[in-house]
Amino acid sequence: MAAAEYNLLLEQGADFSKTMTLFLNNTPIDLTNWTFEGAVQARLGDGKPTAFTFTKLPDVGTLLITMSDTLTSTLGFEKGYYNWFATNDEGKKIKLAEGIAYVSREVLS
């Protein structure tokens, strides 16, 4: 399964959130024993990633992906890259999504 390709808009100095529901054969997946990770960075492999937070929601298969205003305010680029990964209950790591992250710069600082 190929990762979904989404472009994100992160507003510098504002909270970011997005929900995602994972399905297998049109049925939401039980994420109880799954783990998630992901980050954004200015250039691929630059070694300076800023992490997203992943929260499993009560609805089966639904995930909330966030980044606080404190973290978005530290993003010093206008175009970067991100990816999100899941590790399922069998230990298999799956890339969920990847793409370009555009940062809308904060005027006030």
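Everything below is about the structure printed above this text.
Residues numbered from 1 in each chain as written. Predicted model: local features only at pLDDT ≥ 70, side-chain atom pairs only at ≥ 80, totals over all residues. Heavy atoms only, no water.

Draft legend 1. Main features of the sheet that holds strand S8 (residues 53–56). In spatial order, the strands read S3-S9-S8; together these three strands make up an open sheet with antiparallel pairing. Every interior strand has two partners, whereas the edge strands, strand S3 (16–21) and S8, have only one. With direction set aside, neighbouring strand axes in the sheet form an average angle of 20 degrees. One ladder, built from six bridges, connects S3 with strand S9 (residues 62–67); its direction is antiparallel. Bridging from a neighbouring strand, Lys-18 pairs with Ile-65 of S9. (Pairing = 2+ DSSP bridges. Helix = DSSP H or I, 4+ residues; strand = E, 2+ residues; numbered from the N terminus. Axes fitted to C-alpha atoms, helices over the stretch in contact; angles between N-to-C directions.)

Draft legend 2. A look at the pattern of salt bridges. Throughout the structure, instances matching the rule amount to two salt bridges. The shortest N-O distance in the salt bridge between Glu-37 and Lys-93 comes to 3.0 Å. Separated by 56 residues along the polypeptide, Glu-37 in strand S6 (residues 35–41) and Lys-93 in strand S11 (residues 93–104) bring together distant segments of the chain. A relative accessible area of 39% places Glu-37 in the partly exposed class. Residues Lys-95 and Glu-98 are paired through a salt bridge, measuring 2.8 Å at the closest nitrogen-oxygen approach. Given a relative accessible area of 30%, Lys-95 falls into the partly exposed group. (Salt bridge = Lys/Arg side-chain N within 4 Å of Asp/Glu carboxyl O. Buried < 20%, exposed > 50% of the residue type's maximum accessible area, 1.4 Å probe, protein only.)

Draft legend 3. Seen up close, the pairing of S9. Pairing analysis gives four bridges linking S8 to S9, with the strands arranged antiparallel. Within the sheet, the bridge partner assigned to Phe-54 lies in S9 and is Ile-65. Counting the residues in the hairpin turn of S8 and S9 gives five residues, including Gly-61, whose phi is positive at 85 degrees.

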